Amino acid sequence: MKTIDKVLYSQYSKEKIAEAVKRVGAEITRDYTGKSPLIIGILKGSFIFMADLIREIDLLCQVDFMVVKSYGGGTVSSGLVRIVKDVDMDIKDRDVIIVEDILDTAATLQSVCDVLRARKPRSLKICVFLNKKTRRKILLDADYECFEIENEFVVGYGLDYAEKYRNLPYLAVLRDNDSAQEVQTEV
Ligand code: IMP
C-alpha cells in the first residue's frame, strides 16, 4: 500500500513532452489527410494530453470525451471498467481516434474499444501518451504513442496518484520512500 510519503523523480520535462506531442500530432495529421477524425479523450487522465495534442493536429477534426472508471483503487487497474459518461456523438462510419493517458495492462482500453467497435466506426485507432509495454495482460497496442516507459508508477501531465499530481507540468516517477518527505521537482 502506497502512502503519501513520496519522492518524485523527474522523467520527462515540459520541453521533451511538447516535442513528443508535436511529433504524434504530425503523424496523425499525415495519416488522416483529407479525413475528419473524431478524437475521443478518455477522462480524467487524458485531459492535458488531449488539449495539447489536438492543437498539434492540422485537420478539421472533432472532439468528444468519455469518462471511464476502473473498479478498485490504488496503482493497479482491476480490469473491470465502468463507463460513467459516454460520448455525445454518433461514431458510426467515423474515423475514431481514442486518446488515453497510459496503456498499462490494456484492460481499460480493451473494454472501451469493445464498446466503440460495436457502434461500427469506419476505423478505430489508439493514441496514448505513455505505453508500459512490459505490463500488458491483453494483446492490444497503441497506434500512436509519445513515450514507452518502464514498469514504474508515473504522475503528472494529467496522470494522478489518488487524484493528486495531475497538475505537474512534467512527468515524474512516484516511488515509496519511508525516510523522505521531500518532493524533488527539478527537471
Ligand atoms: P490499464 O487498464 O491497466 O491499461 O490501466 C489504464 C489506467 O490505469 C490508466 O488510464 C491510468 O488511469 C491508470 N494507470 C496505469 N498506470 C499508471 C501510472 O503509472 N500512473 C497513473 N495512472 C496509471
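Predicted model only: the values in this text are computed from it and were never measured. Residue positions are given per chain, counting from 1 as you read along its sequence in written order. In view of the model being predicted, local features appear only for residues whose pLDDT reaches at least 70, and side-chain atom pairs are presented and counted only at 80 or more, with totals across whole chains, interfaces and linings using the full set of residues. Note: side-chain values were computed over all heavy atoms of the structure, leaving out hydrogens and water.

A. How the structure looks around the site of the ligand. Proximity criterion: a residue is near a molecule or strand once any of its heavy atoms comes within 4 Å of it. Taken together, 15 residues lie around the ligand, and D101, T105, A106, T108 and V154 are the ones closest in. By the criterion applied in these results, polar contacts are pairs of N or O atoms within 3.5 Å in which, for protein atoms, one can donate a hydrogen and the other can accept it, and in which residues neighboring in sequence qualify only through two side-chain atoms. One of the side-chain N or O atoms of D101 is found 2.8 Å from an oxygen atom in the ligand. Interatomic distance of 2.6 Å between a backbone N/O atom of V154 and a nitrogen atom of the ligand. Coverage of the ligand by the protein amounts to 88% of the 490 Å² it exposes when considered alone. If you list the elements that add at least two residues to the shell around the ligand, you get β5 (95-103) and α3 (107-117). Numbering of helices and strands starts at the N terminus; helices are DSSP runs of H or I of at least 4 residues and strands are runs of E of at least 2. For the shell around the ligand, the element with the most residues is β5, which contributes three residues. Only the protein chains shown count as covering a residue, and every accessible area follows the Shrake-Rupley method with a 1.4 Å probe.

B. A look at the confidence of the model for the chain. As a per-residue measure, pLDDT reflects the predictor's confidence and takes values from 0 up to 100. Per-residue confidence for the chain averages 87 on the pLDDT scale, and 84% of its residues sit at or above 70. Element-level pLDDT for the chain is lowest in strand β1 (residues 6-12), with a mean of 71, against a maximum mean of 98 in helix α2 (residues 47-54). By the convention used here, residues are in contact when the closest approach between their heavy atoms is within 4.5 Å. Note that residues 1-5 has pLDDT below 50 and, in this model, twelve contacts with residues that lie over four places away or in other chains. Under a pLDDT of 50 for its full length, residues 179-187 has, in the predicted model, 18 contacts with residues more than four places off or in other chains.

C. Main features of unusual backbone geometry. Looking along the chain, the bond that leaves L43 and enters K44 is cis, with omega of 10°. Of note, K44 is situated in the loop between β2 (38-43) and α2. With phi around 50°, Y157 is a residue other than glycine that occupies positive phi space. Mapped onto the secondary structure, Y157 falls in the loop between β8 (154-155) and β9 (171-176).

D. View of the pattern of salt bridges. Each reported salt bridge corresponds to a side-chain nitrogen of Lys or Arg within 4 Å of a carboxyl oxygen of Asp or Glu. Going through the model one piece at a time under the given rule, you end up with 14 salt bridges. Across the pair R23 and E27 runs a salt bridge, and its minimum N-O distance is 3.2 Å. Of the two residues, R23 and E27 both sit in helix α1 (residues 14-31), four residues apart, roughly one turn of that helix. In this structure, the salt-bridge partner of D104 is R135, at a minimum N-O distance of 2.7 Å. One end of the pair, D104, is in the loop between β5 and α3; the other, R135, is in the loop between β6 (123-131) and β7 (144-148), with 31 residues separating them in the sequence. Shared partners join several salt bridges into a network, and the residues in it are K44, D160, E163 and R166.

E. Focus on the sheet that holds β2. The mixed open sheet is built from six strands, whose spatial order is β4-β3-β2-β5-β6-β7. Where the open sheet ends on each side, the last strands, each with one partner, are β4 (81-85) and β7. Between one strand axis and the next, the sheet turns by 30° as a mean value, whatever way the strands run. Axis definition: a line fit to C-alpha positions, over the contact stretch in the case of helices; interaxial angles, taken between N-to-C directions, run 0 to 180 degrees. Those strands touched by α2 are β2, β3 (62-70), β5, β6 and β7, and its axis lies near 160° from that of β2. Paired strands, in this sense, are two strands between which DSSP finds at least two bridges.

F. Local environment of the nonpolar core. Counting residues in hydrophobic clusters, the biggest one holds 28 residues, and the most contacted among them are I28, F49, L53, C127, F129, L130 and F147. Listing elements by their share of this core, those giving two or more residues are α1, α2, β5, β6, β7 and β9. Beyond its immediate stretch of four places on either side in the chain, I28 contacts L53, I57, L59, I97, C127 and Y144. The next biggest cluster of nonpolar side chains, apart from the first, holds 20 residues, and it includes L109, V112, I126 and V128. In this text, buried Ala, Val, Leu, Ile, Met, Phe, Trp, Tyr and Cys residues form a nonpolar core when linked through side-chain atoms within 4.5 Å. Three exposure classes are used, based on accessible area relative to the maximum for each residue type with a 1.4 Å probe and protein chains only: buried under 20%, partly exposed in between, and exposed over 50%.

G. Representation of α1 in the model. The terminal C-alpha atoms of α1 lie 26 Å apart, and with 18 residues this matches the ideal 26 Å at 1.5 Å per residue to within 8%. Residues of α1 that are buried: I17, A20, V21, V24, G25, I28 and T29. Residue count minus one, scaled by 1.5 Å, sets the expected span of a helix.

H. Quick look at the environment of D58. Structurally, the position occupied by D58 is in the loop between α2 and β3. Classification of D58 as exposed rests on a relative accessible area of 66%.

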